[in-house]
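Next come the chains, spelled out residue by residue.
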Amino acid sequence: MSEKLMTQTQDSQWKLYVDSSSIETSYGAGIILFSPDGVKLSCPVRFKFKATKNQAEYEALLSGLRLAKEVSVRHLTIYSDSQLVVSQVNSEFQAKGEKMASYLEKAKEEMNQFDTVTIIQVPRAENANANALARLATGLEERLLKIVPIDVLETPR
């Protein structure tokens, strides 16, 4: 990619869709990052640790932010169907408990590394693709991980 094209892409608005899923004792996230010109990066992530629904939503957000940072995104709009996470990040709700406060702090630290970042709550139907990836990450057997590339997160962030 030419330097000029790379700069134009970095300076344009990217879109990040995040969601989480849990099935009995399996937890995971679905992350989809869209470049300004429509290139889609999809990433299912399996968690090898227990997480509440809200903790898993934060893990999905943190994983998505790290992916965006890895590809040098500067301007980002994040879409999540988690009212709690979106409202806490937007300072509309307070984080209750030490663990949730820690997740909120980490998310804000990561978000501060972008020139501009906005997080928006969307209806679950508008986040269906990220949800499908999250469900894929939580439902696969270990032997299938060699066929479908899934990131595995060993410990919480």
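Check the entry above for the structure.
What counts and how
- Residues numbered from 1 in each chain as written.
- Predicted model: local features only at pLDDT ≥ 70, side-chain atom pairs only at ≥ 80, totals over all residues.
- Heavy atoms only, no water.
- Helix = DSSP H or I, 4+ residues; strand = E, 2+ residues; numbered from the N terminus.
- Buried < 20%, exposed > 50% of the residue type's maximum accessible area, 1.4 Å probe, protein only.
- Contact = heavy atoms within 4.5 Å.
- Polar contact = N/O pair within 3.5 Å; in protein donor to acceptor, adjacent residues only side chain to side chain.
- Pairing = 2+ DSSP bridges.
- Expected span 1.5 Å × (residues − 1).
- Phe/Tyr/Trp six-rings, centres within 6.5 Å; stacked < 30°, edge-to-face > 60°.
- Salt bridge = Lys/Arg side-chain N within 4 Å of Asp/Glu carboxyl O.

Draft legend 1. Spotlight on the environment of Lys69. Within the secondary structure layout, Lys69 lies in helix H2 (residues 53-70). Exposure remark for Lys69: the relative accessible area of 37% places this residue in the partly exposed category. If we skip the residues at most four places from it in the chain, Lys69 touches Glu110, Gln113 and Phe114. Within polar-contact distance, the side chain of Lys69 engages the side chain of Gln113 at 3.1 Å.

Draft legend 2. Fine view of the pairing of strand E4 (residues 75-80). The buried fraction of E4 is high, at six of six residues. Burial along E4 is two-sided: the residues His75, Thr77 and Tyr79 and Leu76, Ile78 and Ser80 are all buried. As paired strands, strand E1 (residues 13-23) and E4 are joined by six bridges and run parallel to one another. Across the sheet, residue Trp14 finds its bridge partner in E4, namely Leu76. Where E4 lies against strand E5 (residues 116-121), six bridges are found, and the strand directions are parallel. In the strand pairing of E5, Tyr79 is matched with Ile120.

Draft legend 3. Quick peek at H2. Between its first and last C-alpha, H2 extends 26 Å over 18 residues, near the 26 Å set by a 1.5 Å rise per residue. Within two residues after H2, Ser72 carries a phi angle of roughly 65 degrees, on the positive side.

Draft legend 4. Seen up close, the side chain of Arg46. For Arg46, the location among the structural elements is in strand E3 (residues 40-47). Of note is the side chain of Arg46, whose polar atom sits 2.9 Å from the backbone oxygen of Ala137.

Draft legend 5. Highlighting the pairing of E1. Bridge analysis of E1 against strand E2 (residues 26-34) gives nine bridges, and the strand direction is antiparallel. Across the sheet, the residue bridging to Ser22 is Tyr27, located in E2. Taken together, E1 and the strand that follows it, E2, pair antiparallel across an intervening segment of two residues, in which Glu24 is found at a positive phi of about 55 degrees.

Draft legend 6. Quick peek at the packing of aromatic side chains. Counting across every chain of the model gives four aromatic pairs. Ring geometry for Tyr17 versus Phe34: centroids 5.9 Å apart, planes at 85 degrees, classification edge-to-face. Of this pair, Tyr17 sits in strand E1 while Phe34 sits in strand E2, placing them 17 residues apart in sequence. For the pair Tyr58 and Tyr103, a centre-to-centre distance of 5.6 Å together with 15 degrees between the ring planes defines the contact as stacked. One end of the pair, Tyr58, is in helix H2; the other, Tyr103, is in helix H4 (residues 98-111), with 45 residues separating them in the sequence. Look at Tyr58 and you get buried, because its relative accessible area is 0%. Taking relative accessible area as the criterion, Tyr103 reaches 2% and is therefore assigned buried. Aromatic ring contacts, followed pair by pair, group Tyr17, Phe34 and Tyr79 into a single cluster.

Draft legend 7. Highlighting the pattern of salt bridges. Applying the stated criterion to the full structure yields three salt bridges. In this structure, the salt-bridge partner of Glu110 is Lys69, at a minimum N-O distance of 3.8 Å. Separated by 41 residues along the polypeptide, Glu110 in helix H4 and Lys69 in helix H2 bring together distant segments of the chain. On the basis of relative accessible area, Glu110 is assigned to the buried category, the value being 9%. Put simply, Arg66, Lys69 and Glu110 are held in one network by salt bridges that share partners.

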